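Residue strings, one per chain:
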Amino acid sequence: MSQPAQQPPAATPPKEAAQVPQVAPSPLDRFEAARDRCVKMFGSEVRFMEEATFLLAAVNNTPALQECTPASINGVLLSIASTGLSLNPVLRLCYVIPRNIKVKSANGGEKWEKRAQVEPSYMGLMKLATDSGAVRSFEVHEVWGGDDFEFDLVNKRPVRHKPYWTIGQQRGKLIGVYGFATLADGSVIPEHMGADELAKIQSKSDNRGGAIFTDWQGEMARKSLVKRLQKYLPRTEQSVKFM
């Protein structure tokens, strides 16, 4: 009797490849183009992540920054890394400002482009100068209506200054600002600016209509004085970037 033909063994179904878990993209991935250079300048991956987080918060909270070019946003991190400033809002060393910049287009013409730029505060400017070792310290004071104030124009120093709040007066309009920079050798450079000079500087600013000049009038006055003082101070690579 003939034997029935044997059936070939059933093929073993192929094993499914192990599923590799997908890593969700991080919001910080948008700064990847600047990561390597920033980490090298910061000297720390942790510091890069901190500053990138501060920048991300600033962009998310400011619609105008969301319209800026990605390259300029990454450029903010590079500026921070190269100057030694920080975007930490608690330190108030600098801010990220959107600006309309006229640039060359691909066809040879010109176009307006919104770019993010780093704008140091007066405290940031002072930090750049003192970090260089060229300046030992700064002292900057605002003068308001209601202050008991007398100024010696020859020596560029106040003869008397009692702030309004120490003598029970109400604060009036900003009258001016004065201050000093003490250099490493102990020499002192004084400077002062009146309200008319401060208003002229504001009128030339790209952000002259912005709330910063009303909400932070005293701080902007101090910044103007520190920038004036910088003209007489030893220059460094970092400070020149913001002069």
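These figures come from a predicted structure and were not determined experimentally.

Draft legend 1. Highlighting the overall build of the protein chain. Secondary structure summary: the protein chain contains nine helices and seven strands in total. Burial status across the protein chain gives 37% buried among its 243 residues. In the protein chain, of all internal contacts separated by at least 6 residues, the share reaching a separation of at least 24 is 59%. Of the roughly 15,300 Å² that the protein chain leaves accessible, carbon and sulfur atoms contribute 53%.

Draft legend 2. Molecular detail of helix α1 (residues 32–42). Along α1, the residues that are buried comprise A34, R35, C38 and F42. Angularly, the buried residues of α1 cover 120° about the axis, an arc narrow enough to put them on a single face. Seen from the open side of α1, the exposed residues pointing more than 90 degrees away from its buried face are A33, D36, R37 and K40. Turning to α1, the residues buried within the fold contact α2 (45–61) and α4 (70–83). Looking at the residues trailing α1, positive phi occurs at G43, about 80°.

Draft legend 3. Expanded view of the side chain of E119. Among the secondary structure elements, E119 is positioned in strand β2 (residues 110–120). With residues up to four places along the chain from it excluded, the contact list for E119 reads C94, Y95, I97, R99 and K223.

Draft legend 4. Seen up close, the packing of aromatic side chains. What the rule picks out here adds up to four aromatic pairs. For the pair Y178 and F180, a centre-to-centre distance of 6.2 Å together with 75° between the ring planes defines the contact as edge-to-face. By relative accessible area, which is 6% here, Y178 ends up buried. Three or more aromatic residues joined by ring pairs form one cluster here, namely F149, F151, Y178 and F180.

Draft legend 5. Quick look at the packing of α2 against α4. Relative to each other, α2 and α4 sit at 135°, their axes nearing to 11 Å. When the axis of α2 is compared with that of α4, the two are oblique. Pair α2 / α4 crosses with right-handed handedness. Contact with α2, carried on its side by R47, F48, E51, A52, L55 and V59, involves I73, V76, L77 and I80 of α4 and no other residues of that element. Broken down by class, the residue content of the contact of α2 with α4 amounts to eight nonpolar, no polar and two charged.

The rules we used
- Residues numbered from 1 in each chain as written.
- Predicted model: local features only at pLDDT ≥ 70, side-chain atom pairs only at ≥ 80, totals over all residues.
- Heavy atoms only, no water.
- Helix = DSSP H or I, 4+ residues; strand = E, 2+ residues; numbered from the N terminus.
- Buried < 20%, exposed > 50% of the residue type's maximum accessible area, 1.4 Å probe, protein only.
- Contact = heavy atoms within 4.5 Å.
- Areas by Shrake-Rupley, 256 points an atom, 1.4 Å probe, with all protein chains shown as cover.
- Arc of directions from axis to C-beta.
- Phe/Tyr/Trp six-rings, centres within 6.5 Å; stacked < 30°, edge-to-face > 60°.
- Axes fitted to C-alpha atoms, helices over the stretch in contact; angles between N-to-C directions.
- Parallel < 35°, antiparallel > 145°, perpendicular 65-115°, else oblique.
- Left-handed = near helix turned anticlockwise from the far one by under 90°.
- Nonpolar A, V, L, I, M, F, W, Y, C, P; charged D, E, K, R; others polar.

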